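A closer look at the structure
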Amino acid sequence: INNILGKIPSEDILNDIKSAALSVEGTSGIHDIKVNYTGPYASADIHIEVDPDISLVEAHEISIQVEKRIIEKVDIVTMVNVHVCITGEKGVCLD
């Protein structure tokens with residue numbers, strides 16, 4: 001695979017990332033997915049939405065599970081940066 005910096009990811013890769021993230025219990029939504037290619041691999045930057053009434057520890061654990069699930073399910077992705085946001089408040093993230 002010949003990937004270059006700035007290449008737009010395919011809809012399949014974006015859908016795979018979305019599907020993996022949403023399969024984690026506690027993730028109620030996602031937005032602002034970015035994928036950066038480094039040779040044959042990619043890193044992803046994703047914002048997940050969680051219930052505003054859960055604890056920070058619970059939100060952090062969900063973000064760890066999302067990271068692991070994406071790496072497990074999306075072959076090309078080897079690193080994930082997860083931003084935790086409050087459901088329905090795309091501009092309100094915990095980072």
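Read on for a plain summary of the structure. Not measured: the values here are computed from a predicted model.

Cut-off values and rules
Residue numbers restart at each chain and count upward from 1, following the sequence in its written direction. Whole-chain, interface and lining totals are the exception, using all residues; otherwise, since this is a predicted model, local features are given only for residues with pLDDT of at least 70 and side-chain atom pairs are given and counted only at 80 or more. Working from all heavy atoms in the structure, the side-chain values ignore hydrogens and water. Strands here are runs of E lasting at least two residues and helices are runs of H or I lasting at least four, both read from the DSSP assignment and numbered beginning at the N terminus. Burial status follows relative accessibility: with a 1.4 Å probe on protein chains alone, a residue under 20% of its type maximum counts as buried, one over 50% as exposed, and anything between as partly exposed. Computed with a 1.4 Å probe, the accessible areas rest on the Shrake-Rupley method; for each residue, only the protein chains presented here act as cover. To estimate how far a helix should reach, multiply one less than its number of residues by 1.5 Å. Note that the arc is defined by the directions from the helix axis to the C-beta atoms. Any pair of residues with heavy atoms lying within 4.5 Å of one another is described as a contacting pair. Lines fitted to the C-alpha atoms define the axes, with helices restricted to the stretch that makes contact. Angles between their N-to-C directions range from 0 to 180 degrees. Angle categories are assigned with fixed cut-offs, so that under 35 degrees is roughly parallel, over 145 is roughly antiparallel, 65 to 115 is roughly perpendicular, and the rest are oblique. Crossing handedness follows the turn of the near helix against the far one: under a right angle anticlockwise gives a left-handed crossing, and clockwise gives a right-handed one. Residues are grouped as follows: Ala, Val, Leu, Ile, Met, Phe, Trp, Tyr, Cys and Pro are nonpolar; Asp, Glu, Lys and Arg are charged; every other residue, Gly included, is polar.

Before going further, it helps to examine the overall build of the chain. Summing up its helical and strand segments, the chain has 2 helices and 4 strands in all. Secondary structure elements of the chain occur, N-terminal to C-terminal, as α-β-β-α-β-β. Looking at the chain as a whole, 38% of its 95 residues qualify as buried. Roughly 5800 Å² of accessible area belongs to the chain as shown, and the carbon and sulfur atoms make up 53% of that amount.

Attention now goes to helix α1 (residues 11-22). For α1, with 12 residues, the first-to-last C-alpha span of 16 Å sits near the 16 Å given by 1.5 Å per residue. All of the buried residues along α1 are I13, L14, I17, A20 and A21. Around the axis of α1, the buried residues are gathered within 130° of arc, so they sit on the same side. In α1, the exposed residues that point more than 90 degrees away from the buried face are E11 and D12.

Within the fold, I48 resides in strand β2 (residues 41-50). Its relative accessible area of 0% is what places I48 among the buried residues. With 17 residues separating them in the primary sequence, I48 and H31 have C-alpha atoms 6.5 Å apart. Setting aside residues no more than four positions away along its own chain, I48 makes contact with T27, G29, I30, I62, S63, V66, V82, H83, V84 and C85.

With that settled, consider the packing of α1 against helix α2 (residues 56-73). In contact at an axis separation of 8 Å, α1 and α2 are set at 135° when each is read in the N-to-C sense. Judged by the angle between their axes, α1 and α2 are oblique. Considering only the axes of α1 and α2, their crossing is right-handed. Of the residues in α2, those touching α1 at I17, A20 and A21 are V66, R69, I70 and K73. Looking at side-chain class alone, the contact of α1 with α2 contains 5 nonpolar, no polar and 2 charged residues.

Here D32, not a glycine, exhibits a phi torsion of approximately 50°, which is positive. Structurally, D32 is set in strand β1 (residues 29-38).

Shape descriptors only; they carry no functional weight alone.
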